[in-house]
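# Report on the structure
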Amino acid sequence: MPSQRILITGLSTYWGGRLAQALEADPSIDAIIGVDNEEPSVELERTEYVKVGTQHALLRRVVDAAEIDTVVDTRLVVDSATTSSRKAHENNVIGTMNILAACSGADSTVRKVVFKSSSYFYGSGQDDPAFFDESMGRPHPPRTPIERDILEAEASVAEFADTSPSVNVTVLRFANVLGPRVRTSHIELFSLPAVPMILGFDPRYQFVHEDDVVHALEHATQRQLPGVYNVAADGVLALTEVAGLLGKPYAPILPPWGTGIAAGVMRRIGLNFPSEMLAQLRFGRGLDNRRYKAAGFEYGYTSREAVLALAEHLRLHPLLRSSAEPYRYEREVEEFLRWSPNVRNGTRRPAPVSGQARGAGLTAGPPVDHYDDLRPDEIISLISSLEPEALRALREYENGHHGRAAVIEAIDSAVARSQASGGAPGA
Amino acid sequence: MADPPRTPLSVREQPPGKGAPAPALPARRQDDLRRYLPGVEPERQLTDWGRSERVESLLDRTLVEFYYRYWFRAEVEGIENVPAGGGALLVSNHSGALPPDAVMIGKALREEHPHPRPLNITVEHFFKGYPGLSMLIPKIGCVAAHPANVHRLLYDEQQLVLVFPEGRKGSEKLYKDRYQLRRFGRGGFVEAAMRAQVPIVPVCVVGAEEAQPIFAQLKLLKKLTGLLYVPLTPTFPHLGPLGMLGYLPAKFKLRFLEPIHFDDEGMHEDKGLVQTTAHEVRARIQDGLFDMVSKRESVWFG
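Residues numbered from 1 in each chain as written. Chains lettered and ligands numbered in written order. Predicted model: local features only at pLDDT ≥ 70, side-chain atom pairs only at ≥ 80, totals over all residues. Heavy atoms only, no water.

## Structural notes on the sheet that holds strand β6 (residues 200-206) of chain B
Residues and elements named next belong to chain B. Taken in spatial order, the 7 strands make up an open sheet running β1-β9-β6-β2-β5-β3-β4, and their pairing is mixed. The outermost strands of the open sheet, each flanked by one partner alone, are β1 (75-77) and β4 (142-144). Within the sheet, the average angular offset between the axes of one strand and its neighbour, ignoring direction, is 25 degrees. Relative to strand β9 (residues 253-256), β6 runs antiparallel, the two being bridged by 4 bridges. In the sheet register, Val-206 faces β9, and the bridge partner there is Lys-253. (Pairing = 2+ DSSP bridges. Helix = DSSP H or I, 4+ residues; strand = E, 2+ residues; numbered from the N terminus. Axes fitted to C-alpha atoms, helices over the stretch in contact; angles between N-to-C directions.)

See the structure below:
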C-alpha cells in the first residue's frame, strides 16, 4: 500500500523541511503532518505543523487522530556541535523510543517507519574494513556520546522492527552530508582557509550531497524497502584530495598524539572539532553503497561532485548571500492561508518579494554584500545571475564609487542581452 | 561412523601460457551487487582504496626499478601461472625486516606478465594507525588484511591480492630460521579464496632473507617507537630510519607455482577442507623454497 498519510518528525530540521517540500509535490499523498518543538524553517504549502515537546510524549494521539500510515523520522542529531550532549541524548534516545511507542500496538495504523540514521553508527577505527556494508557492526564500542546515542536509537528501531512484523521499517545510514544549504561541522572545517588534518594521517572520506539525502528519504517513503541501507555517494576520497578539490591547502594542525587535548585547545580559539569527528579525521570511513543502489536509488552526485558543489558554494557564497531572505514561520499567516474561506486561489502564495530588488534602488550602500572587496573578474562572473534592476543599481554604484571601465562594460552588455532576449526591464 | 561428504579439493593443471579462464560464476546470491560497483572517475588520481597511481609509478620508476633490476637482479619463473583476468589470490613466504618481497612480486607482475595488472598487498591493520605510514601505505597499493577487504577485491572487483599468511611471524623471524615457513595463520586466506571462487597462486621468494638478515629483535626500541617490531639488521637501527632500506645485494628469485582452483560453491564452509588446503599450500611453498635454495650456488650471484 503506498503511503498516503505521512507524519514527519523533526520538521524544523533541515531534512524534515526539505522532505516535506518534496512530498508536497506528490498529489497521491493525502496528508503531510510535521511535528517538532521548533517552528519550521522552510516554506511549506500544505504540510501541517504541530508543535510537540522534545520527548514526543503525546505523539500517539496525533498518529491515531490523523490515521497516519507512514512515519518518517528525520530528527536524529548526529553532530555534537549543534547541541549539548544531554539534549542530544534526550532527542536521540528518548525521542526515538517515544516515537516508536507511538507507532506500535496492535491497533496502530502505522505501516511504515523510515528512520534517518548516520554512518557514525560504524564509527572509525584502526581495524575497520575499507567498506562497511549494512551487515557489519562496529568493531569496538563507541566512545563518544553521540555515537552511543545513535547505537541506542538504532537498537530500539531494530527491536521495534522485530516486534512489529507488519510494519515496514527502513533505516538509512547517511555518510557525511555536503551541500550549499546544510550546516555541519565538517562543512565548517572545509570553509576554513585551509583544511585541518591530523599530522601523518590522510583519512578516506565518503560524502553524500544534501539533495541526494532528501531524495533518498523520499525514495524510502514511496517504496517498500525493509531493512538497513547505507546512503553514500560513489567514490571515497582522501582528505588531501578533498582539500585539492576545494582549492585549499591542508594544514596538519592536530598532533598525532594527544589529539583530543589539542582539539580542546582549538575549541577555545573557535575551531570546533566535535569528539566524534576526531576518530574520522584519523582513520576515515568508507561505505558500501550498493544495496541502496540495487533497491533502485540513483545518486545525483558522486562524492567528488558533492565536494565540487560545496567548493562552488563556498566561492560564491560571500557574493550571493544578500539574495536569499530567510523564511520565518508565522502561525497566523500560515493558518489563514490554509484554512480561511477568504483564500480564493487554493494554495498559491504571493511571491515573496526579493530583498535584492526591493533594496537595490533605494540604498546608497553597495547592492551586493562585500562588493567593495571583490575583484573585477569576480564581479563580472556574478553579473549574469543578477536581475536587470539590480544590474542598473550595480552600474550606478560602480560608476559613483570605483568607475572601473571593464565592469561597467560587462554590466552594459548584460543589460543589452537581457533586453534582447525579451527580459522585461524592471521598474 | 561415516564421514560427512566432503567437497573434493580440485587441483586443476593449467596449460602454461594460457591464462586461466574465469569460470562461469553461478549466481551465488539472489542479489549480486557487483554491477552496482562505483564507476571510475577519470579526473581522480586516487582509487576508492586510496591508491595513487602517481605515487606508485614514481616509486616504480625510481627506487623499485633500481632494486628489482640492478640490486636484486630478480629472476622470475612461472609468471604464466598468474591468470590474466579475474581475481586471484597470491600467497607467498615473507621475510626481511622491511620486507622487499611484496614490492618485488608486484614489480615482477608489471615487468614480466603479458597482461600487467595492479597487485593489492594486504598489510596489518597496524599501519593504518601509525602517523606517516598511514598516509603512504594505501597510496602504494596496500590494503588492510580484513576479510571483507580481501573478499571485495577478489570477488567483486576481480583483482589480484597478495597475502602473507605468516604475517609478522614471517618478517620478524631471525636469520638463523631462514626459509623455515612459520605457521600459516588460521587458514583465513584459503577461506577467502574459496568464498570468492578464485584460484590461489603460491609464490616462493628466495633472496629476501639474505637481503636483510635480522640478527635480533630490539624489545626496548619497539616499546619506545610503538612499531610492530624493531629488528637489528646490518644497517638498522644505527644508520637511522633510512637504514631500513639498506638491503644487501642478494640475488632474488621468484617462482610462481601452479594455481589451485576452487570451483565449487560453499567450500569455505568446510573447516576441515580449509585447513587441509592451507597445509597443502604451505607445503608447496616450502618444497619450492627448499628446491630453489638447494639449486642455488651463491647467495649473491644465484
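Past the structure itself, the notes keep going.
## Here's the deal with the side chain of A:Glu24
Within the secondary structure, A:Glu24 is located in helix α1 (residues 14-24). Dropping the residues within four chain positions of it, A:Glu24 is found in contact with A:Ile32, A:Leu44, A:Glu45, A:Arg46 and A:Thr47. (Contact = heavy atoms within 4.5 Å.)

## Side note on the pairing of strand β3 (residues 119-123) of chain B
Residue and element names in this part refer to chain B. Of all 5 residues making up β3, 5 are buried, and the element is well covered by its neighbours. Burial along β3 is two-sided: Leu-119, Ile-121 and Val-123 and Asn-120 and Thr-122, pointing in opposite directions, are all buried. For β3 and strand β5 (residues 160-163), the ladder comprises 3 bridges, and the chain directions are parallel. By the bridge assignment for β5, Asn-120 is matched with Val-161. Across 3 bridges, the pairing between β3 and β4 is parallel. Among the inter-strand pairings, Ile-121 is bridged to a residue of β4, identified as Cys-142. (Buried < 20%, exposed > 50% of the residue type's maximum accessible area, 1.4 Å probe, protein only.)

## Some details on the pattern of salt bridges
Residue and element names in this part refer to chain B. Scanning all chains against the criterion turns up 38 salt bridges over all chains. Here Glu-210 makes a salt bridge to Arg-296, at a shortest N to O gap of 2.8 Å. Here Glu-210, found in helix α7 (residues 208-211), pairs with Arg-296, found in the segment after α9 (271-295); they are 86 residues apart in sequence, far enough to count as distant. With a relative accessible area of 4%, Glu-210 lands in the buried category. The class of Arg-296 is buried, set by a relative accessible area of 13%. In this structure, a network of salt bridges that share partners links the residues Arg-51, Glu-56, Asp-60, Glu-65, Arg-69, Lys-107, Arg-110 and Glu-111. (Salt bridge = Lys/Arg side-chain N within 4 Å of Asp/Glu carboxyl O.)

## A look at the packing of aromatic side chains
In the structure shown here, the tally under the stated rule is 21 aromatic pairs over all chains. Pairing A:Phe121 with A:Tyr122 gives two aromatic rings, centres 5.4 Å apart and planes at 90 degrees, and the pair type is edge-to-face. You can call A:Phe121 buried: its relative accessible area is 13%. Pairing A:Phe131 with B:Trp49 gives two aromatic rings, centres 4.9 Å apart and planes at 80 degrees, and the pair type is edge-to-face. Separated into two different chains, A:Phe131 in the loop between β5 (112-118) and α4 (145-163) and B:Trp49 in the segment before α1 (53-71) make up a pair that spans both. Comparing A:Phe131 with B:Trp49 shows no difference in burial state: the two are buried. Aromatic rings pair up to connect B:Phe66, B:Tyr67, B:Trp71, B:Phe72, B:Tyr247 and B:Phe252 into one cluster. (Phe/Tyr/Trp six-rings, centres within 6.5 Å; stacked < 30°, edge-to-face > 60°.)

## A look at the interface of chain B and chain A
Taken together, the contacts link 30 residues of chain B with 31 residues of chain A. Between chain B and chain A, roughly 2500 Å² of surface is buried when both sides are summed, and carbon and sulfur atoms account for 57% of that area. There are 6 salt bridges connecting chain B and chain A. A salt bridge links A:Asp288 to B:Arg152; the shortest N-O distance between them is 3.5 Å. The interface formed by chain B and chain A contains 14 residue pairs in polar contact (both at pLDDT 80 or more). The element best represented in the side of chain B that touches chain A is helix α4 (residues 147-156) of chain B, accounting for 4 residues. (Buried area = accessible area lost by both parts, 1.4 Å probe. Polar contact = N/O pair within 3.5 Å; in protein donor to acceptor, adjacent residues only side chain to side chain.)

## Side note on empty space enclosed by the protein
Tallied over the full model, the rule gives 6 cavities of 30 Å³ or more. The space that makes up the largest cavity amounts to roughly 340 Å³. Forming the boundary of the largest cavity are 26 residues, of which A:Arg204, B:Trp49, B:Lys128, B:Ser134 and B:Pro138 lie nearest the centre. Counting residues per element, the ones that place at least two in the lining of the largest cavity are α9 (275-283) of chain A together with α3 (133-139) and β4 of chain B. Among the elements that take part in the lining of the largest cavity, α3(B) stands out by supplying 4 residues, more than any other. When the residues that make up the lining of the largest cavity are grouped by side-chain class, the tally is 15 nonpolar, 4 polar and 7 charged. (1 Å grid on protein atoms, 1.4 Å probe; cavity = no way out; pocket = protein on both sides within 12 Å on 5 of 7 lines; lining within 4 Å. Points joined across faces, edges and corners; volume = space filled by probe spheres on them. Nonpolar A, V, L, I, M, F, W, Y, C, P; charged D, E, K, R; others polar.)

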